[in-house]
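An overview of the molecular structure
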Amino acid sequence: MYNYELTQLKSPDFPFIIIFDLFIGGIAAGAFLVTVLLLAFGGKINKAGLHRAYYITMALLPVYGLLLILKLEHKERFINVLWQIRDGTIMLNLQSPMSLGAWVMNVFGVFALVGFLYALKKDNLLQFSWAQKLYHLATWLHEGPIAKVFLSIGAFFSAWFGVYLGILVTTSHLPAWNATPFIPTLWMISAVITGVSVVILLLIFTNRSSQLNESIQRLDNIVKSVIVLNIAMIIVFVFALGQWSETVTRGMFGVLLWGGVVGIGLLVPLLLKLKPNLLGLKNSLIFSSVLVLVGGFILRYVVMMGPMSYW
Amino acid sequence: MSQIESSKGMFIDTTLCHGCKACEVACKSWNELPANSAPSLTGNSYDNTGKLDGENWRHVKFIEDISDDRTDSRWLFLSDSCKHCQLAGCMTVCPTNAIIRTEFDTVYIDHDTCIGCKYCITGCPFGVIEIGHLSGTAEKCTLCYDRLQVGQQPACAQACPTDCIEFGDVPDLVAMAKQREQFLQSTGNYKAELYGADKKILGGLNVFYMLEDKPEKYGLPSDPQLPQKSMLGGYWSSVFSLFAVGLVSLLSFRSYRERKFAEEEETTKGA
Ligand code: SF4
Ligand code: SF4
């Protein structure tokens with residue numbers, strides 16, 4: 001709408017692909033963050049199969065990068081984000097969340113790769129003889145004397161990556177996106193439950209002879225608690241938007257936010273997790289995890305498209 | 001960034017503008033920008049350009065200012081473009097350094113470097129930049145960089161028949177604008193005020209304005225900021241969320257363990 005009394009700000013009209021991008025990036029960060037935290041500080045509990053979360057991060061990070069490139073108008077120039085061709089120097093603009101985020105993603109990618117090698121070693125998969133030293137290094141980094149330090153640094157970068165997805169949106173002039181500092185928070189919390197839900201699904205489908213039951217239950221416990229946090233955060237977020245709350249609660253966006261995200265994506269999964277007898281334990285786990293993913297996707301859709309289409 | 005040789009800019013005196021749009025036409029013509037699709041009527045104003053975008057680097061805003069009781073009305077015009085801010089939000093967020101400051105202290109987009117990520121669109125507090133449909137890169141006024149290089153003034157300034165657009169060195173323009181402000185106020189135009197001539201607005205705008213009313217009337221923010229203003233809050237709230245999520249996750253683990261132990265103890269006792 002054109003209104004002279006309003007500042008004539010413009011929506012960037014990011015393409016729809018950005019929703020997939022943020023969703024996938026969130027899962028990669030959330031799955032990795034919880035895994036390294038549990039591996040480092042989870043104590044002597046049963047963590048069977050947890051390392052498989054690394055497969056998820058390793059599979060999704062390249063997809064994230066690819067989608068990032070696909071949303072550019074000049075896809076063939078994506079390298080300009082890392083390399084300043086004009087001056088022949090490394091490209092890093094510390095003031096730009098997008099520039100900084102690209103480097104954070106690269107560092108996070110290195111940690112994801114090390115985790116992936118560790119997971120391959122643990123599962124005895126793809127054990128190429130020429131890469132034995134790398135597998136040993138990955139194992140040493142995970143189980144050796146500096147494991148806690150290594151995993152903590154990995155946690156830091158995965159958290160930064162997850163947070164950057166929100167900072168990217170907040171650092172703008174689009175009303176609603178800059179009206180509250182809570183978008184990074186909201187997405188980090190959502191990244192944890194969607195990431196852990198994907199890990200749960202992976203463990204369920206690779207669970208031979210019930211070895212992973214305890215890990216699955218422990219992870220499910222995390223999702224249950226963080227779902228409550230997520231609902232609280234959505235309410236805080238909408239209130240914090242003040243006059244711009246309309247951008248995410250009007251018409252279809254409101255239905256999607258309250259019905260799709262809070263109802264179907266959070267409350268129903270919570271009910272299924274608290275009352276697993278309703279569908280049976282395994283079915284409840286699968287169904288609730290899938291619904292959490294659906295909710296996480298819709299959340300990103302509402303927060304991105306609501307304000308962009310309002311202006 | 002180039003070595004700054006001189007600080008070029010424009011003083012737009014909206015009190016002199018009569019909305020002829022010669023500047024818009026000159027801009028389109030010199031920069032070979034595509035024509036607007038016809039007919040393109042906004043339907044709510046005589047202003048049918050509507051806004052600045054990839055194909056309209058200059059836009060004469062027509063403000064039909066009618067009093068609430070509709071007994072009084074007037075026209076306000078503002079020849080709008082990129083302000084070539086000293087603290088340019090577009091430049092700070094660009095992830096490729098495609099937006100640079102030239103030797104004339106103006107803000108210029110290097111089209112060979114721009115990747116079309118659209119991030120600068122959200123970085124500009126004035127809604128100036130948009131992606132050009134033909135180039136696929138960010139587009140905005142260059143202050144006729146090619147003309148400045150050969151010692152000419154921008155096409156819009158040359159075409160303006162009322163001298164509403166004055167081009168020159170920024171310090172000279174500011175001095176001229178201050179005199180004009182005093183004159184207007186002394187002749188009863190008490191609301192006449194400069195916008196962007198001093199450092200209060202984004203460290204100073206190289207293209208600044210004499211307004212006849214509050215900035216909002218012209219669709220200008222009264223206190224524009226860099227987009228990074230909201231970045232720090234985002235980081236702080238994230239630190240909070242990370243602590244919260246970490247704590248909740250660990251407590252959830254513990255509660256599971258304790259429940260398990262309790263169950264195991266029960267079983268042992270039962271046996
Ligand atoms: S007006 Fe907008 S596009 Fe022009 S320099 Fe300032 S921030 Fe950049
Ligand atoms: S669209 Fe181009 S100029 Fe704008 S931020 Fe992206 S790379 Fe920079």
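Residues numbered from 1 in each chain as written. Chains lettered and ligands numbered in written order. Predicted model: local features only at pLDDT ≥ 70, side-chain atom pairs only at ≥ 80, totals over all residues. Heavy atoms only, no water.

Quick notes on the overall build of chain B
- Each helix and strand counted, chain B has seven helices and ten strands in total.
- For 271 residues, the compact-globule estimate of 2.2 N^0.38 gives 18 Å, and the C-alpha radius of gyration of chain B, at 26 Å, exceeds that figure by more than 25%.
- When burial is assessed residue by residue, chain B has 56% of its 271 residues classed as buried.
- Excluding contacts between residues fewer than 6 apart, the proportion of contacts in chain B whose partners are at least 24 apart in sequence is 61%.
- Of the roughly 12,700 Å² that chain B leaves accessible, carbon and sulfur atoms contribute 55%. (Helix = DSSP H or I, 4+ residues; strand = E, 2+ residues; numbered from the N terminus. Rg over C-alpha atoms; globule rule 2.2 N^0.38 Å. Buried < 20%, exposed > 50% of the residue type's maximum accessible area, 1.4 Å probe, protein only. Contact = heavy atoms within 4.5 Å. Areas by Shrake-Rupley, 256 points an atom, 1.4 Å probe, with all protein chains shown as cover.)

Comments concerning the interface of chain A and chain B
- Tallying the contact residues gives 60 residues for chain A and 76 residues for chain B.
- Around 5,500 Å² of area is buried between chain A and chain B when both sides are counted, 60% of it from carbon and sulfur atoms.
- Put simply, chain A and chain B have two salt bridges between them.
- The salt bridge involving A:Arg86 is made with B:Asp110; its shortest N-O contact spans 2.9 Å.
- Applying the counting criterion to the chain A and chain B interface returns 28 residue pairs in polar contact (both at pLDDT 80 or more).
- Tallying contributions element by element places helix α7 (residues 213–240) of chain A first for the side of chain A that touches chain B, with eight residues.
- Residue composition of the side of chain A that touches chain B, grouped by class: 32 nonpolar, 19 polar and nine charged. (Buried area = accessible area lost by both parts, 1.4 Å probe. Salt bridge = Lys/Arg side-chain N within 4 Å of Asp/Glu carboxyl O. Polar contact = N/O pair within 3.5 Å; in protein donor to acceptor, adjacent residues only side chain to side chain. Nonpolar A, V, L, I, M, F, W, Y, C, P; charged D, E, K, R; others polar.)

Description of the environment of A:Thr247
All names here are of chain A.
- Mapped onto the secondary structure, Thr 247 falls in helix α8 (residues 246–249).
- Each C-alpha atom of the pair Thr 247 and Pro 175 lies 8.8 Å from the other, and the pair is 72 residues apart in sequence.
- Setting aside anything within four residues of it in sequence, one finds Thr 247 in contact with Ala 176, Phe 253, Gly 306, Pro 307 and Tyr 310.

Some remarks on the sheet that holds strand β10 (residues 207–211) of chain B
Residue and element names in this part refer to chain B.
- If you walk across this open sheet you meet the four strands as β8-β1-β10-β9, and the pairing is mixed. In this open sheet, the two edge strands, each paired with only one partner strand, are β8 (165–169) and β9 (193–195). Geometrically, the sheet is characterised by an average inter-axis angle of 20 degrees between neighbouring strands, direction not taken into account. (Pairing = 2+ DSSP bridges. Axes fitted to C-alpha atoms, helices over the stretch in contact; angles between N-to-C directions.)

Brief notes about the site of ligand 2
- Around ligand 2, the surrounding shell consists of B:Cys94, B:Pro95, B:Thr96, B:Ile99, B:Cys114, B:Ile115, B:Gly116, B:Cys117, B:Lys118, B:Cys120 and B:Ala138.
- For the shell around ligand 2, a count of residues per class yields eight nonpolar, two polar and one charged. (Near = heavy atom within 4 Å.)

Examining the UniProt feature "transmembrane region" (unreviewed entry) in chain A
- Per the UniProt record, "transmembrane region" (unreviewed entry) is found at residues 16–41, 53–72, 100–120, 149–170, 182–205, 226–245, 251–272 and 284–303 of chain A.
- Taken end to end, residues 16–41 of chain A comprises 96% helix and 0% strand; its first and last C-alpha atoms sit 38 Å apart. (UniProt positions renumbered as here; feature names shortened; annotations may be inferred.)

Examining the packing of aromatic side chains
- Tallied over the full model, the rule gives 28 aromatic pairs over all chains.
- The interplanar angle of 65 degrees and the centroid separation of 6.4 Å between the aromatic rings of A:Phe16 and A:Phe297 together place this pair among those described as edge-to-face. Pair noted here: A:Phe16 is in the segment before α1 (17–41) and A:Phe297 is in helix α10 (residues 281–310), with a separation of 281 residues, a long-range link.
- Through pairs of rings, three or more aromatic residues link up here, namely A:Phe32, A:Tyr54, A:Tyr64, A:Phe108, A:Tyr118, A:Phe161 and A:Tyr164.
- When the ring centre of B:Trp30 is taken as origin, the NZ or CZ atom of B:Arg147, which lies over that ring, is 4.6 Å away. (Phe/Tyr/Trp six-rings, centres within 6.5 Å; stacked < 30°, edge-to-face > 60°. Lys NZ or Arg CZ within 6 Å of the ring centre and 35° of its normal.)

Remarks on the pattern of salt bridges
- Within the structure shown, the criterion is met by 22 salt bridges over all chains.
- With a closest N to O distance of 2.5 Å, A:Asp220 and A:Lys273 form a salt bridge. On the criterion of sequence distance, the pair formed by A:Asp220 in helix α7 and A:Lys273 in helix α9 (residues 251–274) is long-range, its members being 53 residues apart.
- Judged by relative accessible area, which is 6%, A:Lys273 ranks as buried.
- The salt bridge involving B:Asp80 is made with B:Lys61; its shortest N-O contact spans 3.7 Å. Separated by 19 residues along the polypeptide, B:Asp80 in strand β3 (residues 73–80) and B:Lys61 in strand β2 (residues 59–66) bring together distant segments of the chain.

Quick notes on the nonpolar core
- A:Phe161, A:Trp187, A:Leu219, A:Ile234 and A:Met304 are the most contacted members of the largest nonpolar core, which has 113 residues in total.
- Top element by residues in this core is α1(A). It accounts for 16 residues.
- Contact partners of A:Phe161, with chain neighbours within four places excluded, come to A:Gly25, A:Ala29, A:Leu61, A:Tyr64, A:Val104, A:Met105 and A:Phe108.
- Core analysis: the second largest hydrophobic core is formed by 63 residues, B:Cys85, B:Val107, B:Tyr218 and B:Leu220 among them. (Core = buried A, V, L, I, M, F, W, Y, C linked by side-chain atoms within 4.5 Å.)

Some words on unusual backbone geometry
- Of note in this structure, A:Asn124 is not a glycine but carries a positive phi near 55 degrees.
- For A:Asn124, the position within the fold is in the loop between α3 (97–123) and α4 (132–143).
- A positive phi angle, near 60 degrees, is found at B:Arg70, a position not held by glycine.
- Note on placement: B:Arg70 falls in the loop between β2 and β3.

Considerations on the pairing of β10(B)
All names here are of chain B.
- Counted residue by residue, β10 has five buried out of five residues, so it is predominantly covered.
- Going residue by residue along β10, you find Val 207, Tyr 209 and Leu 211 tucked away on one face and Phe 208 and Met 210 tucked away on the opposite face as well.
- As defined by bridge partners, strand β1 (residues 8–13) adjoins β10 across four bridges and the pair is classed as parallel. Within β10, the position partnered with Phe 11 by the bridge is Phe 208.
- Here three bridges tie β9 to β10, and the two strands are oriented antiparallel to one another. Paired with Tyr 195 across the strands is Tyr 209, a residue of β10.

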